[in-house]
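If you want the building blocks of each chain, they are given just below.
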Amino acid sequence: MSQSLNLIKQHASNPKLWLIVGIGLAGGIAVLSETRRRRRRRNTPKQDFGAFIERFELLPFPQLPPPSAKQMLSSLTFAISDVFDIKGYVTGFGNPLWKRTHEEAEKTAVVVTALLFNGATCVGKTVMDEFSFGFSGENKYYGTPTNPKMPSCVPGGSSSGSAVAVAAGLVDFAIGTDTTGCVRIPASLCGIFGFRPSHGAVSTIGVFPNAQSLDTIGWFARDPTILHRVGHVLLQSNSVDTKRSRCIVFADDLFQLSKDATQKTIHVISKTIESMSGYQAPKHMNLCEYIVSKVPSLRLHEQSAHQQNGTSILKTLSSVMLSLQRYEFKANYEEWVKSVKHRLRGGVPNNVIKAISATHDNIKALYKVRTEMRGALQSLLKDGGILVIPSVADIPLKLNAKKSFCSEFNDKTFALSSIASMSGCCQVTIPLGYHDDCCISVSFISPHGTDKFLLDTILDMYASLQKQASSGFHSIPLPNINGNREPSELLKDKGNAAFKEKKWDKAVSYYTEAIELNGTNATYYCNRAAALLKLGCFQLAEEDCSKAILLDKKNVKAYLRRGTARESLRQYKEALEDFKHALVLEPQNKDASFAERRVKKLMS
C-alpha cells in the first residue's frame, strides 16, 4: 500500500483531511473542465475564419452624374490588411503594442481611397504577420486565420487574413502588401488569384513600409474578372500595349522542383494556348542558367565553396533579397523596436530580431543585384514574353509544423518568389484546382510595366485554362473544417516518411496498404517502385512502374524508375526507350539525359 493511502487510513476520522481531499478533487475537476473547454474552443471553427482584426464599413463615394463613367467596382466589398491607414483608425501593423504606441491616422491610404472612389465598400481590417514579416500567416496575438480550402494547413502570409477573407467568400476582393511573396504565397495556398504589380506601379502612400525597394500593393480575388477590374482601377498609369502577341516561356528547371501535380501544368497550359489566337508556340528554358549568365554580381554573394549552379542560384538570389529586406526594415524601425523591446509580450519575432541585429558590409552590392535582375528579366521577356513558374515548390505547410519542415518550405518558397521581387516584375498566381486535397496553382511573370498586359492575358485564357485543368487535376468536396484526409493519402505520407528515413521495407508496406485502398493512383505505384529499387527488387519495381504509366502516361518519374529497373535487369534496349520517353516529356530533365548516355555506353 502506498504512503499516501497509509496516511489517509491513519487519519480517516480527521474532518480536516477530508476537507483538503475535497478541495483537491474540486480543483482537479475544475482544471479538467477548463482543459476540455479550451480544447472545444480550439476545435470550434473561428467566426469569419479568423480573418478579421477589426470590422467596420467605409461606404463608397457617390456616383458622379453623367457623362462621368460608371464606377468600375460598384456593389463590390473588400478588406484590407492591418498595414493600410484609414482616417480615424490606428494602423496596427499586426502587433498590439505598435497599435498602442501610435496615433490614429490623419488620412486614408491612396489605394483605399481609389477603391472607394470607384464604388467598392471596405468592410474591415484583416490579420497579418507582425510587421509584414513572415510567410506562414500565423500571428500569436490575433491568431492564425483558418485556410478555408485546406484547414489543416497554414494560410500563408504575410497577408493571410486578406487571402482567407476572399477564399471564404467573405468579401469580393482584398488588398495586402507583397514584399517577398506576401500576396503570392497565401493566394497559392488558399486557392485564389493573387496579383503582385510591378514595383512602384501602385501608390504606397498611407501604407507602412517593410522594405521600400521591394514593397508593392497586391490584391486577391476568386474571379479573374474582378482581379482585372481592380487592376485597371489601381494601375491608371500603366499603358503598355495589351493586344500584342504573347509568348509563353516555361522555366523547366523550376518545375522539376515542384510536386507531380504542378509539373502537369506545363501540359495544361500548352494545350490551352494551342486553340487560342495571338499566342506564339511556347518556349522552354533553364532559368537558373540564364540568371547565372546575366546577373554576374550574384557571384559576390555565393556561399563559401558552394558553386553557383542549377537551382542554387535562386537560393543565393533569395538570400540577397532577404538581406535587402532586413537592411531597409532596420533603417525604418530600429529605434522603435529598441525602445519597446522589453514591453513586447512573448518577445520580439525572430525575423525582427534578425533584421535589427543584422550588419551589412556592402549594401551597394545588394542593390546592384536588383538592378541586374531587372535588366535580365526585361531582356528575356521583351516582345510579349510571359514566364511560367510554380507558385510554391512543396506541399502546403501544416499548422504547427516542425521547424525543419518550416525551414525547407521557407527556403524553396522564397527562392521562387525572389524572381519577381528582385526584378520588380509583375506576377499573378493562378488557381488551377486540386490534387490530393491540395490547392494547385501556377504563376505568370511579365516585365516591369506590363501589368495590364498580364491581367488581360489571364482574363483572355482563364476559361480555357480551367477547362483543360479540370481534366488534369482531381476536384475535392467542400472544405472540411477538421482538415481530415483520405486514409490512403495518410498511408502514402507515412510511406514517404519511412522512405526518407531509409526504412525501405516499411515504406513498401505503407504504399501497399495505400494501393489496397485506392488502386487507381499512379503515385502510389511509382513511390512503391522507388522503395523496391532500393531493396534490389527490380522485377517488382518494373511491374509497379508499368501500372503507374497505364494510369498516368505523363508520369516522368515512372519512366525513369522503370528504365532504372530494366537497366539493372540488363534489358538495355527497353531501358533506353524509357529514358528517351522521359526526355520527350521533359526535355531538360538532367537525370533522364544522364541515364540515356549511360545506357548507350553500356550497349556499345
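Residues numbered from 1 in each chain as written. Predicted model: local features only at pLDDT ≥ 70, side-chain atom pairs only at ≥ 80, totals over all residues. Heavy atoms only, no water.

A.B. asks: Quick rundown of the packing of helix 12 (residues 312-340) against helix 14 (residues 363-380)? Include the residues and the values.
C.D. replies: The contact between helix 12 and helix 14 brings their axes to 10 Å, and the two run at 125 degrees. Compared by their axis directions, helix 12 and helix 14 come out oblique. Seen from above, helix 12 lies across helix 14 with left-handed handedness. Of the residues in helix 14, those touching helix 12 at Leu-317, Val-320, Ser-323, Leu-324, Tyr-327 and Glu-328 are Ile-363, Leu-366, Tyr-367, Val-369, Arg-370 and Met-373. Here the contact of helix 12 with helix 14 is composed, by residue class, of 9 nonpolar, 1 polar and 2 charged. (Axes fitted to C-alpha atoms, helices over the stretch in contact; angles between N-to-C directions. Helix = DSSP H or I, 4+ residues; strand = E, 2+ residues; numbered from the N terminus. Parallel < 35°, antiparallel > 145°, perpendicular 65-115°, else oblique. Left-handed = near helix turned anticlockwise from the far one by under 90°. Contact = heavy atoms within 4.5 Å. Nonpolar A, V, L, I, M, F, W, Y, C, P; charged D, E, K, R; others polar.)

A.B. asks: Quick one: what's the story with the packing of aromatic side chains, residue by residue and with numbers?
C.D. replies: If you walk through the whole model with that rule in mind, you get 20 aromatic pairs. Their ring planes at 65 degrees and their centres at 5.0 Å tell us that Phe-499 and Trp-504 sit as a pair that is edge-to-face. When its relative accessible area of 19% is taken as the criterion, Trp-504 is described as buried. Aromatic ring contacts, followed pair by pair, group Phe-93, Trp-98, Phe-131, Phe-133, Phe-208, Phe-329, Tyr-333 and Trp-336 into a single cluster. The residue whose ring lies beneath Arg-55 is Phe-52, and the NZ or CZ to ring-centre distance is 3.9 Å. (Phe/Tyr/Trp six-rings, centres within 6.5 Å; stacked < 30°, edge-to-face > 60°. Buried < 20%, exposed > 50% of the residue type's maximum accessible area, 1.4 Å probe, protein only. Lys NZ or Arg CZ within 6 Å of the ring centre and 35° of its normal.)

A.B. asks: So what about the sheet that holds strand 5 (residues 193-196)? Which residues, and what values?
C.D. replies: Hydrogen bonds between backbone atoms are what pair the strands of a sheet, whose relative direction is either parallel or antiparallel. The sheet built from 11 strands is open, its strands ordered 1-3-2-4-6-5-10-11-9-7-8 with mixed pairing. Since the sheet does not close on itself, it has two edges, and those belong to strand 1 (52-58) and strand 8 (283-285), each with one partner. Strand-to-strand twist in this sheet, taken as the mean axis angle between neighbours without regard to direction, amounts to 25 degrees. In this fold helix 7 (residues 224-234) packs onto strand 4 (173-178), strand 5, strand 6 (216-221) and strand 10 (426-435), with an angle of close to 150 degrees to the strand it touches most, strand 6. (Pairing = 2+ DSSP bridges.)

A.B. asks: An account of empty space enclosed by the protein is requested, with residue identities and associated values reported.
C.D. replies: Tallied over the entire structure, the rule returns 1 cavity of 30 Å³ or more. By volume, the largest cavity is sized at about 40 Å³. Taken together, Arg-184, Ile-185, Ile-389, Pro-390, Ser-391, Leu-416, Ser-417 and Gln-427 form the lining of the largest cavity. Among the elements of the structure, helix 6 (184-190), strand 9 (385-390) and helix 15 (403-423) are those that each provide at least two residues to the lining of the largest cavity. In terms of residue class, the lining of the largest cavity is built from 4 nonpolar, 3 polar and 1 charged. (1 Å grid on protein atoms, 1.4 Å probe; cavity = no way out; pocket = protein on both sides within 12 Å on 5 of 7 lines; lining within 4 Å. Points joined across faces, edges and corners; volume = space filled by probe spheres on them.)

A.B. asks: Before we move on, could you go through the nonpolar core and cite the residues and values that matter?
C.D. replies: If you look at the biggest cluster of nonpolar residues, it comprises 73 residues, and the most contacted ones within it are Phe-84, Val-112, Phe-173, Trp-219, Ile-430 and Phe-444. Looking at this core element by element, the count peaks at 8 residues for helix 16 (residues 451-472). Excluding anything up to four places from it in sequence, Phe-84 contacts Thr-91, Ala-109, Val-111, Val-112, Lys-125, Ile-175, Gly-176, Thr-177, Gly-206, Val-207 and Ile-217. In this structure, Ile-291, Met-321, Ile-419 and Cys-425 belong to the second largest nonpolar core, which totals 45 residues. (Core = buried A, V, L, I, M, F, W, Y, C linked by side-chain atoms within 4.5 Å.)

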